[in-house]
Amino acid sequence: AQSVTQLGSHVSVSEGALVLLRCNYSSSVPPYLFWYVQYPNQGLQLLLKYTSAATLVKGINGFEAEFKKSETSFHLTKPSAHMSDAAEYFCAVRGGTGRRALTFGSGTRLQVQP
Amino acid sequence: ETGVTQTPRHLVMGMTNKKSLKCEQHLGHNAMYWYKQSAKKPLELMFVYSLEERVENNSVPSRFSPECPNSSHLFLHLHTLQPEDSALYLCASSQDGQANTEAFFGQGTRLTVV
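Residues numbered from 1 in each chain as written. Chains lettered and ligands numbered in written order. Predicted model: local features only at pLDDT ≥ 70, side-chain atom pairs only at ≥ 80, totals over all residues. Heavy atoms only, no water.

Asker: Got a minute to help me understand the interface of chain B and chain A in this structure?
Answerer: Across the contact, 25 residues belong to chain B and 20 residues belong to chain A. Considering only the side of chain B, the residues that lose the most area to chain A are B:Asn100, B:Glu102 and B:Phe105, jointly responsible for 25% of the buried surface there. Remark: the boundary between chain B and chain A carries one salt bridge. Here A:Lys49 makes a salt bridge to B:Glu102, at a shortest N to O gap of 2.7 Å. Here chain B and chain A share eight residue pairs in polar contact (both at pLDDT 80 or more) between them. Looking at the side of chain B that touches chain A, the elements with two or more residues in it are β4 (31-37), β5 (44-50), β6 (53-57) and β9 (87-94) of chain B. Broken down by class, the residue content of the side of chain B that touches chain A amounts to 12 nonpolar, eight polar and five charged. (Contact = heavy atoms within 4.5 Å. Buried area = accessible area lost by both parts, 1.4 Å probe. Salt bridge = Lys/Arg side-chain N within 4 Å of Asp/Glu carboxyl O. Polar contact = N/O pair within 3.5 Å; in protein donor to acceptor, adjacent residues only side chain to side chain. Helix = DSSP H or I, 4+ residues; strand = E, 2+ residues; numbered from the N terminus. Nonpolar A, V, L, I, M, F, W, Y, C, P; charged D, E, K, R; others polar.)

Asker: When you look at the nonpolar core in this model, what are you seeing that I'm missing?
Answerer: As a rule of thumb, soluble globular proteins bury nonpolar side chains together. Within the largest apolar cluster, 25 residues are counted, with the highest numbers of intra-cluster contacts made by A:Leu33, A:Trp35, A:Leu47, A:Leu48, A:Phe74, A:Leu76 and A:Tyr89. Elements supplying a minimum of two residues to this core: β3 (19-26), β4 (32-38), β5 (44-50), β7 (64-68), β8 (73-78), β9 (87-94) and β11 (108-113) of chain A. One finds B:Met13, B:Met32, B:Trp34 and B:Cys91 within the second-largest nonpolar core, a separate group that totals 22 residues. (Core = buried A, V, L, I, M, F, W, Y, C linked by side-chain atoms within 4.5 Å. Buried < 20%, exposed > 50% of the residue type's maximum accessible area, 1.4 Å probe, protein only.)

Asker: Honestly, the environment of B:Leu74 in this entry has me stumped. Any pointers?
Answerer: Residue and element names in this part refer to chain B. Tracing the backbone shows Leu-74 in strand β8 (residues 73-79). Look at Leu-74 and you get buried, because its relative accessible area is 0%. Expressed as a C-alpha distance, the spacing of Leu-74 and Tyr-33, which sit 41 residues apart in the sequence, is 8.2 Å. The residues contacting Leu-74, other than those within four sequence positions of it, are Leu-21, Lys-22, Cys-23, Met-32, Tyr-33, Trp-34, Tyr-49, Glu-67, Cys-68 and Cys-91.

Asker: Hey, could you run me through the sheet that holds strand β7 (residues 64-70) of chain B in this one?
Answerer: Two strands in a sheet stick together by hydrogen bonds in their backbones, pointing the same way (parallel) or opposite ways (antiparallel). Residue and element names in this part refer to chain B. The strand order β1-β3-β8-β7 describes an open sheet built from four strands, whose pairing is antiparallel. Two strands lie at the open edges of the sheet, namely β1 (4-7) and β7, each paired on one side alone. Across the sheet, the axes of successive neighbouring strands diverge by a mean angle of 20°, strand direction being ignored. Here strand β3 (residues 18-25) pairs with β8 via seven bridges, running antiparallel. Considered in β8, the bridge of Lys-19 is made with Leu-78. (Pairing = 2+ DSSP bridges. Axes fitted to C-alpha atoms, helices over the stretch in contact; angles between N-to-C directions.)

Asker: When you look at the state of the cysteines in this model, what are you seeing that I'm missing?
Answerer: A covalent bond bridging the sulfur atoms of two cysteines is what the word disulfide describes. All names here are of chain B. Applying the stated criterion to the full structure yields two disulfides over all chains. Between the sulfur of Cys-23 and that of Cys-91 lies a disulfide, 1.9 Å long from S to S. As the torsion about the S-S bond is roughly -75°, the Cys-23-Cys-91 disulfide counts as left-handed. With Cys-23 in strand β3 and Cys-91 in strand β9, this pair connects stretches of sequence that are 68 residues apart. We note that Cys-23, like Cys-91, is buried. Here Cys-68 stays unpaired: no disulfide links it, and the sulfur of Cys-91, its closest cysteine neighbor, is 9.1 Å away. On the accessibility criterion, Cys-68 (11% relative accessible area) is buried. (Disulfide = S-S within 2.5 Å.)

This is the structure we're talking about:
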């Protein structure tokens, strides 16, 4: 079965600092990986997705993620944090025959300090 | 209207009440999902519908009853809920058969059981 693990339930950075949110996946087949963001009392919004076309994926709001098969990782980064980036971030995977729904990690809450 | 719309946004109900959550998608998708998001727990997949047929039911108690009358609408009927059922209920849709496509989420219904 496909799964993802997000290391660190809370991450705090200063405004302007690098953001790094970690995600490792477990999949017996090439995975399709996604990062979503959730602002308070909102639904989930797609940031970016990996679909095997390129290992470095650029998303919205200046975020990007790199797929590393050797490390089974898909970490999310942003060079310079902004106050508006404070939210919860979820890594998700879809993989395997007939598996329609996404399986989500437990989430990482990002706090941005002024 | 565009995207995925959920109503109501907030719902408070007693344990003996019967209520329904509604979800509507305007994206032309053929798969719809209910997720439960509780505090300090990962997103839990509850039900999956594909082409209006329930294809996945993840050990959800019978007090939750889904209904998918057509590919654009999904309901979650609630009866005799427990306080631990209080959570954010998220509806999502996607295009089935394309593993590299993302799921689109509604804003959620914040349910409080008193």
